[in-house]
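If you want the building blocks of each chain, they are given just below.
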Amino acid sequence: MGNINIPVSVLNLAPIRQGQNSKQAIEAMVDLAQATEELGYQRYWIAEHHNTPTLVSSATAILIKHALEHTKTIKVGSGGIMLPNHSPLVVAEQFGTMATIYPNRVELGLGRAPGTDMMTASALRRSKNDSVYTFPEDVQALLTYFGPEEHQGYVRAYPGVETEVPLYILGSSTDSAYLAASLGLPYVFASHFAPKFMGQAISIYRERFKPSQYLDKPYMMVCLNVIAAETDEEARYQQTTMQQFFLNVVRGSRNPLQPPVESMDGIWNPMEEEMAKSMSSVTLLGSKETIRQQLTSFQDQYAVDEIMAVSYIYDADKQKRSYELFKEVVDEK
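These numbers come from a predicted model, not from an experiment.

(A) Structural detail: the overall build of the protein. Each helix and strand in the protein was counted, giving eleven helices and nine strands. Compactness check: the protein gives a C-alpha radius of gyration of 19 Å against a globular reference of 20 Å for 333 residues, within 12% of the reference. Across the 333 residues that make up the protein, the buried fraction comes to 53%. Surface summary for the protein: the accessible area is close to 14800 Å², and the carbon and sulfur share equals 53%.

Encoded structure:
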């Protein structure tokens, strides 16, 4: 039996809503952090995306610092830092500095994709060789930089040494499942946009997990879309914002987060609809009662340790309400 009384967390891509500018999008990011902290969410993670005019989450570490500054207890981290774009030493110094200012509140989720298109990736790259392939070594380097004084090499992260910033491996395919398992680190699967390999990745991670100084047994987190409302009908209406968001991705268009619409008919064609729906197929949607049923059957199948919810809802108050309803579902005894 999968338990639904599990810790829940938040992922934010920091989208710009239609009618907002970048500054307002950053203020909304902080506002949601404060609201979800108040509701008792475990952690608040901010994504990394580049050359995307509709998202403000490019300088992730700066947004994390900003969110930490405006909250008190919630853990704030990256979902994730895309390592091909960064030198591990710079990442260690940045997160080591934040961990020094905000002890026990900073977390580092790591991804192996660039989080952008190829031209932007090459503009971001720290070297001309393909650092996607050095991901395992880069993760190892970070574990060392945050580790004890006596395990350091000549190059060290100051501040960073002995800060023990917790690392999480992010994945949207099965590749990272093997790595997270072999290093004995927590694993976070991106079911919110790449659900296809979720079941497989979870199995690989659990079967191959090697206990480590960081974890004695697997810790499986899944990121999924959540749209909770007072009624199923209202949730389906709010969902059209998310459907337009994924249509944007499918088309490569650059529209800000759109208000909900009565119907998606005539907005997408059947092929676009199918592609957008396959990306967002793992979504908890509806009233509390409906979400409880969906979450129960999800947990019966996967029994994950934690759920990280991302909610593309246009109205900020309704977005906060969605997180509130979702939290009530997992808190019910």
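(B) Local environment of the nonpolar core. In this structure, F95, L108, V139 and F326 are the most contacted members of the largest nonpolar core, which totals 77 residues. Excluding residues that lie within four positions of it along the chain, F95 makes contacts with A61, I64, S78, I81, V106, E107, L108, F146 and V165. Judged by nonpolar contacts, the second largest core, of 27 residues, contains L13, M242, A276 and M279.

(C) Representation of the pattern of salt bridges in the model. Using the criterion set out here, one finds 17 salt bridges in the structure. In this structure, K277 and E273 form a salt bridge, with 2.6 Å as the shortest nitrogen-oxygen distance. Residue K277 and its partner E273 are located together in helix α9 (residues 270-279), separated by four residues, close to a single helical turn. For K277, a relative accessible area of 40% corresponds to the partly exposed category. The exposure class assigned to E273 is partly exposed, which follows from its relative accessible area of 26%. The shortest N-O distance in the salt bridge between K318 and D315 comes to 3.9 Å. For D315, a relative accessible area of 31% corresponds to the partly exposed category. Shared partners join several salt bridges into a network, and the residues in it are K288, E289, R292, E328 and E332.

(D) Spotlight on the pairing of strand β5 (residues 167-171). Along β5, five of the five residues are buried, which leaves the element largely enclosed by surrounding structure. Side chains L167, I169 and G171 project from β5 onto one buried face, and the interleaved Y168 and L170 project onto a second face that is buried too. For strand β4 (residues 106-111) and β5, the ladder comprises three bridges, and the chain directions are parallel. What sits directly across from G109, in β5, is Y168. Both β5 and strand β6 (residues 187-189) contribute to a ladder of three bridges, which runs parallel.

(E) Main features of the environment of P103. In this fold, P103 is placed in the loop between α3 (88-101) and β4. Separated by 124 residues in the primary sequence, P103 and I227 place their C-alpha atoms 32 Å from one another.

(F) A look at the packing of helix α1 (residues 22-38) against helix α11 (residues 316-331). In the contact formed by α1 and α11, the axes pass within 10 Å of each other and the chain directions differ by 25°. Viewed along their axes, α1 and α11 adopt a mutual orientation that is roughly parallel. In this structure, α1 meets α11 at a crossing whose hand is right-handed. Only Q319, K320 and Y323 of α11 make contact with α1, whose side of the interface consists of D31, L32, A35 and T36.

What counts and how
- Residues numbered from 1 in each chain as written.
- Predicted model: local features only at pLDDT ≥ 70, side-chain atom pairs only at ≥ 80, totals over all residues.
- Heavy atoms only, no water.
- Helix = DSSP H or I, 4+ residues; strand = E, 2+ residues; numbered from the N terminus.
- Rg over C-alpha atoms; globule rule 2.2 N^0.38 Å.
- Buried < 20%, exposed > 50% of the residue type's maximum accessible area, 1.4 Å probe, protein only.
- Areas by Shrake-Rupley, 256 points an atom, 1.4 Å probe, with all protein chains shown as cover.
- Core = buried A, V, L, I, M, F, W, Y, C linked by side-chain atoms within 4.5 Å.
- Contact = heavy atoms within 4.5 Å.
- Salt bridge = Lys/Arg side-chain N within 4 Å of Asp/Glu carboxyl O.
- Pairing = 2+ DSSP bridges.
- Axes fitted to C-alpha atoms, helices over the stretch in contact; angles between N-to-C directions.
- Parallel < 35°, antiparallel > 145°, perpendicular 65-115°, else oblique.
- Left-handed = near helix turned anticlockwise from the far one by under 90°.

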